[in-house]
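What the coordinates show
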Amino acid sequence: MQPTRRPLIAGNWKMYKTIPEALEFVRAFKSLVVAATHCDILIAPPFTAIKAVADRVEGSNIAVGAQDVAAEAGPGAFTGEVSAAMIKDAGARYAIIGHSERRQYYGETDKSVNRKIRAADGEGLLPIVCVGEPLEDRDAGRAEEFVDRQLAEGLRNLTVEEAARIIIAYEPIWAIGTGRTATPETAGQMHAFIRSRIREMFGEKVAEDLRILYGGSVKPANIAALMNEADIDGALVGGASLEAETFGRLVNYKENR
Ligand code: PEP
């Protein structure tokens with residue numbers, strides 16, 4: 001049976017954009033993607049701009065997500081943290097979890113990823129769980145082994161129902177913000193591997209329905225070739241999501257080939 005996975009094109013704005021800058025983006029972007037019915041569209045602004053962006057895109061085909069979420073459900077004494085309930089209250093529907101920059105600079109581990117998935121899912125946010133290997137592991141032929149460990153630890157003890165609600169983003173660290181995209185074949189092979197592991201962990205139905213996004217220097221020029229791969233179901237985009245016209249072209253990858 002052919003899977004019917006709906007593509008998701010997601011923009012991760014990282015620590016860019018004040019509220020006025022975010023709203024200026026939305027003003028320009030909305031009309032560029034108004035006719036896009038082939039995919040889901042997501043923007044993940046910094047926490048400070050979530051509410052303003054969510055209010056402005058309400059009723060449109062653009063959803064909003066957070067770039068991180070507290071592992072604690074709260075409310076509670078966790079200075080600096082933002083809970084899933086607060087993120088949802090601000091109008092977001094998704095939460096990116098375990099981005100490699102969070103792992104590299106802020107001590108995110110597979111254990112905290114696991115807790116954050118539960119916290120997000122508990123509030124009805126859709127977790128986008130990031131995995132991906134560093135260059136040393138890719139070069140040493142250990143890329144699958146590395147990602148396998150992240151999946152085993154990060155998704156440990158999730159129920160089949162919980163696993164059915166997650167999205168995975170494969171983002172090889174060597175491709176993030178470097179301009180060095182994985183070839184469609186390299187990415188496609190890892191996506192197929194991830195799906196096979198999910199099948200072993202959670203069964204055929206979860207694996208076939210799971211959306212696996214590719215991330216790492218995705219641009220309007222390379223998105224169509226990536227999306228041609230059977231196991232690539234969308235993209236998580238950093239740099240190329242910051243400018244409305246560029247991200248609009250990326251979302252409209254079917255027309256811009
Ligand atoms: C990202 O931040 O998830 C990312 C993939 O960044 P870039 O598209 O800039 O490589």
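Here, every reference points to the structure presented above.
In short, a report on the structure. All values derive from a computational prediction rather than experimental measurement.

1. Quick word on unusual backbone geometry
Note that the residue after Gly-74, namely Pro-75, is joined by a cis bond; omega there is 0°. Positioned with a positive phi, Lys-14 is a non-glycine residue whose angle comes to about 50°. Mapped onto the elements, Lys-14 comes out in the loop between strand 1 (8–12) and helix 1 (19–33). One non-glycine residue, Lys-17, adopts positive backbone phi at about 90°. Relative to the elements of secondary structure, Lys-17 occurs in the loop between strand 1 and helix 1.

2. A few points about the sheet that holds strand 8 (residues 234–237)
Spatially, 1-2-3-4-5-6-7-8 is the arrangement adopted by the eight strands of the closed barrel, whose pairing is parallel. Across the sheet, the mean angle separating the axes of adjacent strands is 25° when strand polarity is ignored. Bridging between strand 1 and strand 8 involves four bridges; their strand directions are parallel. Looking at strand 8, one finds that Leu-8 is bridged to Gly-234.

3. So, the site of the ligand
Residues in contact with the ligand amount to 14 residues; listed here are only the nearest, Lys-14, Glu-171, Gly-177, Ser-217 and Gly-238. Contacts to the ligand include Glu-171, whose side-chain N or O atom sits 2.6 Å from an oxygen atom. Between the ligand and Gly-238, the relevant distance is 2.8 Å, taken from an oxygen atom to a main-chain nitrogen or oxygen of the residue. Of the residues assigned to the shell around the ligand, the class counts are four nonpolar, eight polar and two charged.

Calculation criteria
- Residues numbered from 1 in each chain as written.
- Predicted model: local features only at pLDDT ≥ 70, side-chain atom pairs only at ≥ 80, totals over all residues.
- Heavy atoms only, no water.
- Helix = DSSP H or I, 4+ residues; strand = E, 2+ residues; numbered from the N terminus.
- Pairing = 2+ DSSP bridges.
- Axes fitted to C-alpha atoms, helices over the stretch in contact; angles between N-to-C directions.
- Near = heavy atom within 4 Å.
- Polar contact = N/O pair within 3.5 Å; in protein donor to acceptor, adjacent residues only side chain to side chain.
- Nonpolar A, V, L, I, M, F, W, Y, C, P; charged D, E, K, R; others polar.

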